[in-house]
Amino acid sequence: MRAYREHIQDLSGMRRLLVEHFPVALLVGLGGYGWTGDWLCVPVALSTGWLIDVDHLFDFGYYVFRYYPNVDYRLLNNGGYFKINNKVFVPFHSWELTLLVLVGGAVAGEAVLGLVAAAAHGAHISQDQIHYRVRGFGYFLISRALSHFRLESFCVSS
Ligand SMILES: [Zn+2]
């Protein structure tokens, strides 16, 4: 386990984003499949627990929008655009979305799929909360919006 963690930390930004959440999301999806026999649990868990890091492209797009044509595309790999923007949007990294998926699944008559989606999403945000030293309410979209998405309001040390 320790070797795996060290390997993850050695990977560069985007590659690490693709690898670090995959095992947990897959486990949640397989757990849902084992519980219900519904194979949709796997792609649903991977979508909400793994692929949500695609929202980093929103923040990178904000950087490109502000600095084009003087854009350093290497920043996409190390997340340096967060510091330059001095903002953190990551709209999919929100506990509000976890709740929305849970309630939406129940309302749509797919309570178990909603629960699997919410569990995978919550696991992803919890991992990020610990790894990136985010403030207590940092992963609430409302909290980020109230602080105008400022980086210093998001991280414990920035
Ligand atoms: Zn993430």
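Heads up: the structure comes first, above all this text.
Our subject in this report is the structure included herewith. (Residues numbered from 1 in each chain as written. Predicted model: local features only at pLDDT ≥ 70, side-chain atom pairs only at ≥ 80, totals over all residues.)

### With respect to helix α5 (residues 56-67)
Residues separated by three or four positions in an α-helix point in the same direction, a consequence of the helix having 3.6 residues per turn.
Right, so step 1: Compared with the 16 Å implied by 1.5 Å per residue over 12 residues, the 17 Å span of α5 between its first and last C-alpha is a close match.
Right, so step 2: When we look at burial in α5, the residues that qualify are H56, F60 and Y63. The buried residues of α5 all sit within an arc of 55° when viewed along its axis, so they share a single face. Exposed positions of α5 whose direction lies more than 90 degrees from the buried face are F58, G61, F65 and R66. (Helix = DSSP H or I, 4+ residues; strand = E, 2+ residues; numbered from the N terminus. Expected span 1.5 Å × (residues − 1). Buried ≥ 20, exposed ≤ 12 C-beta atoms within 10 Å, placed from the backbone. Arc of directions from axis to C-beta.)

### Some points on the nonpolar core
Right, so step 1: Residues V28, V44, A45, V116, A117, A119 and A120 are the most contacted members of the largest nonpolar core, which totals 15 residues.
Right, so step 2: Contributions of two or more residues to this core are made by α3 (22-36), α4 (41-49), α8 (95-107) and α9 (111-131).
Right, so step 3: When residues of this core are assigned to their parent elements, the largest contribution, seven residues, is made by α9.
Right, so step 4: If we ignore the near neighbours within four places in the chain, the residues touching A117 are V44, A45, T48, V101 and G105.
Right, so step 5: Ranked by size, the runner-up nonpolar core spans eight residues in total, among them F82, V88, V90 and F154. (Core = buried A, V, L, I, M, F, W, Y, C linked by C-beta atoms within 7 Å. Contact = placed C-beta atoms within 7 Å.)

### Examining unusual backbone geometry
Right, so step 1: P69 follows Y68 through a cis peptide bond whose omega is 10°.
Right, so step 2: Tracing the backbone shows P69 in the loop between α5 and α6 (75-78).
Right, so step 3: Positive phi, normally seen in glycine, also occurs at R133, with a value near 50°.
Right, so step 4: By secondary structure assignment, the location of R133 is in the loop between α9 and α10 (141-146).
Right, so step 5: Judged by the 13 C-beta atoms lying within 10 Å of it, R133 is partly exposed.

### Here we look at the environment of Q127
Right, so step 1: Tracing the sequence through the fold places Q127 in helix α9.
Right, so step 2: Residues in contact with Q127, not counting those within four places in the same chain, are H21 and V24.

### Some thoughts on the packing of α3 against α4
Packed helices, taken two at a time, are described by the angle between their axes plus the distance between the axes.
Right, so step 1: Following both chains from N to C, one finds α3 and α4 inclined at 150°, their axes separated by 8 Å at the closest point. The angle between α3 and α4 places the two elements in the roughly antiparallel class. Note on packing geometry: the crossing formed by α3 with α4 is right-handed. Between α3 and α4, the residues in contact are V24, A25, L26, V28, G29, L30, G32, Y33 and T36 and C41, V42, V44, A45, L46 and G49, respectively.
Right, so step 2: Residues of the contact of α3 with α4, tallied by class, amount to 11 nonpolar, four polar and no charged. (Axes fitted to C-alpha atoms, helices over the stretch in contact; angles between N-to-C directions. Parallel < 35°, antiparallel > 145°, perpendicular 65-115°, else oblique. Left-handed = near helix turned anticlockwise from the far one by under 90°. Nonpolar A, V, L, I, M, F, W, Y, C, P; charged D, E, K, R; others polar.)

### Thoughts on the environment of W50
Right, so step 1: Turning to its location among the elements, W50 is positioned in the loop between α4 and α5.
Right, so step 2: Residue W50 is classed as buried on the basis of its C-beta count, with 25 C-beta atoms lying within 10 Å.
Right, so step 3: Remark: the alpha-carbon pair of W50 and H124, spanning 74 residues in sequence, is separated by 7.1 Å.
Right, so step 4: Contacts of W50, omitting those with residues within four sequence positions, involve H21, F22 and A25.

### Looking at the packing of α4 against α9
Right, so step 1: Packing of α4 against α9 brings their axes to within 8 Å, and their N-to-C directions diverge by 35°. When the axes of α4 and α9 are compared, the crossing they make is right-handed. Counted together, C41, V44, A45, T48 and G49 of α4 and L113, V116, A117, A120, H121, A123 and H124 of α9 form the full contact between these two elements.
Right, so step 2: Taken together, the residues of the contact of α4 with α9 break down into eight nonpolar, four polar and no charged.

Read these as layout, nothing more, since geometry by itself doesn't imply function.
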